[in-house]
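Below, each chain spelled out in residue letters.
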Amino acid sequence: MSDKLNENNKKLSELGETEILRKIIFPFHKQPEKLPYALGDDCVDFPSNMLEDRIVWKIDPTPLPVSWLIGDPDYYTYGWYSVLINLSDIASMGASPFGLLLSVVAPPDMEVSEFKRFLKGVEDCCRANDTYILGGNMKDGEEFSCTGTALGSVNSKKILKRQGSNEGDLIVVIGELGAFWAAVFSKLNKLEIPAKYRKRLDTALNKPIPRLEEGQIISKNNLATACMDNSDSIVSCCYELAYQNNLDFVITINEEEIDSIYKDIFMKSGVKSLTAAFSWGDWNLVCTIPPNNFKELQEKLENLCPVYKIGKVQKINNKLKNGSAYYIYNDELRLLNKEICSERFKEQSYFTHGIYKYMEILKTQNLWI
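Residues numbered from 1 in each chain as written. Predicted model: local features only at pLDDT ≥ 70, side-chain atom pairs only at ≥ 80, totals over all residues. Heavy atoms only, no water.

Engineer: How would you explain the overall build of the protein if you had to name every residue and give the values?
Structural biologist: When you go through the protein residue by residue, the secondary structure sums to 15 helices and 11 strands. For 369 residues, the compact-globule estimate of 2.2 N^0.38 gives 21 Å, and the protein sits close to it at 21 Å. Along the first, second and third principal axes, the C-alpha atoms of the protein reach 70 × 50 × 40 Å. In the protein, once contacts between residues fewer than 6 apart in sequence are set aside, the share between residues at least 24 apart is 84%. Carbon and sulfur atoms provide 46% of the accessible area of the protein, an area that totals close to 17,800 Å². For the protein, the centre of its 43 positive side-chain charges and the centre of its 50 negative side-chain charges are spaced 3 Å apart. (Helix = DSSP H or I, 4+ residues; strand = E, 2+ residues; numbered from the N terminus. Rg over C-alpha atoms; globule rule 2.2 N^0.38 Å. Contact = heavy atoms within 4.5 Å. Areas by Shrake-Rupley, 256 points an atom, 1.4 Å probe, with all protein chains shown as cover. Lys, Arg positive; Asp, Glu negative; His and termini not counted. Charge placed at Lys NZ, Arg CZ, Asp CG, Glu CD.)

Engineer: Can you tell me about the side chain of Glu214, naming the residues and giving the values?
Structural biologist: Looking at the element boundaries, Glu214 is found in helix H9 (residues 212-220). At a separation of 3.0 Å, a polar atom in the side chain of Glu214 contacts the side chain of Arg211. The residues touching Glu214, leaving out its near neighbours within four places in the chain, are Ile174, Leu301, Leu304 and Cys305. (Polar contact = N/O pair within 3.5 Å; in protein donor to acceptor, adjacent residues only side chain to side chain.)

Engineer: Lay out a nonpolar patch on the surface with the relevant residues and their values.
Structural biologist: On the surface, Ile316, Ile328 and Leu333 cluster together into a nonpolar patch covering about 230 Å² of accessible area. Here Leu333 lies in strand E11 (residues 332-335). (Patch = residues over 30% accessible without salt bridge, like charges linked within 9 Å, V, L, I, M, F, W, Y side chains within 5 Å. Salt bridge = Lys/Arg side-chain N within 4 Å of Asp/Glu carboxyl O.)

Engineer: Report on the layout of surface pockets, specifying residues and quantitative values.
Structural biologist: The computed volume of the largest pocket comes to approximately 850 Å³. Lining the largest pocket are 39 residues; nearest its centre among them are Ser231, Asp232, Ser342, Arg344 and Phe351. Counting residues per element, the ones that place at least two in the lining of the largest pocket are strand E1 (54-61), helix H5 (75-92), strand E4 (145-154), strand E6 (226-229), helix H10 (234-245) and helix H14 (350-353). For the lining of the largest pocket, the element with the highest residue contribution is H10, accounting for 5 residues. Classifying every residue of the lining of the largest pocket by side-chain character gives 19 nonpolar, 10 polar and 10 charged. (1 Å grid on protein atoms, 1.4 Å probe; cavity = no way out; pocket = protein on both sides within 12 Å on 5 of 7 lines; lining within 4 Å. Points joined across faces, edges and corners; volume = space filled by probe spheres on them. Nonpolar A, V, L, I, M, F, W, Y, C, P; charged D, E, K, R; others polar.)

Pasting the structure below:
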């Protein structure tokens, strides 16, 4: 026990790469039976029978979790998000993951206990989603960062793509609407939350769930015509899917359909409920489905997560080369507000301009313009 305590108090620079790998990283990650020798080689190799389906492969750097930016810098959350952000994209294709690789940069004076906390978050998210760390790389640098890549497979005839929507399809959201930002503002404003909601909000903020099982169910049962994950806002999804399919996305959902506890938090925090619900952070899936499939979709997902019918795919203006995204407000078509999107390099990108500036958008901007 004393050796472990002494180790935790050390700096990474006191161990070196070899000891970090052998004493810390390898013991953290259980090896999958189907890939018994994944960790330790230069590359991970796959048995040929894994190539019968389509292989999906995603890479993403981990953004600093919002919980860090509002006063809770826990490396566990950083580790969880490093897995989550890549698995969410795997989910959007209807695929099953069979592993991830992580490339980590860590400062030499980082404490071993902090690094282990990061690995614990990584491993817990992997185990929660029945997947594994297959390998990766680490090096020293000025600041901690992690870039992950996830691999998965899906039947080539069942794969979900961004293209495929048809006029008349319903637009649906798979997963919570507004839970993430309700969690953020309830924490910032120190609001009292009923116990049955506290765990949901804590999960939404610190341990969001990638909708892998939901995506696989949708894929296997041919329920959706197109799908993407909400990493940059539901508004962004609507515009992107409209563009990809040359159709218009018309949103009709109203504020009354958002969970009452979330609405109450938003009201007390001066936040516009629909704006927050259509923002990023909830890690849901946005799909288009034939109307006849909606009841089956609800039935198959009823024990997993909420399903929201938020609008319909239409063709409003045949003269437009690409589709657009609208909200029906007072019986008028209004464009969805792109300021809600977390678009990189724009003023609403919290990566460049900070989370508190983005929060002002949630307080002042409507879902439509």
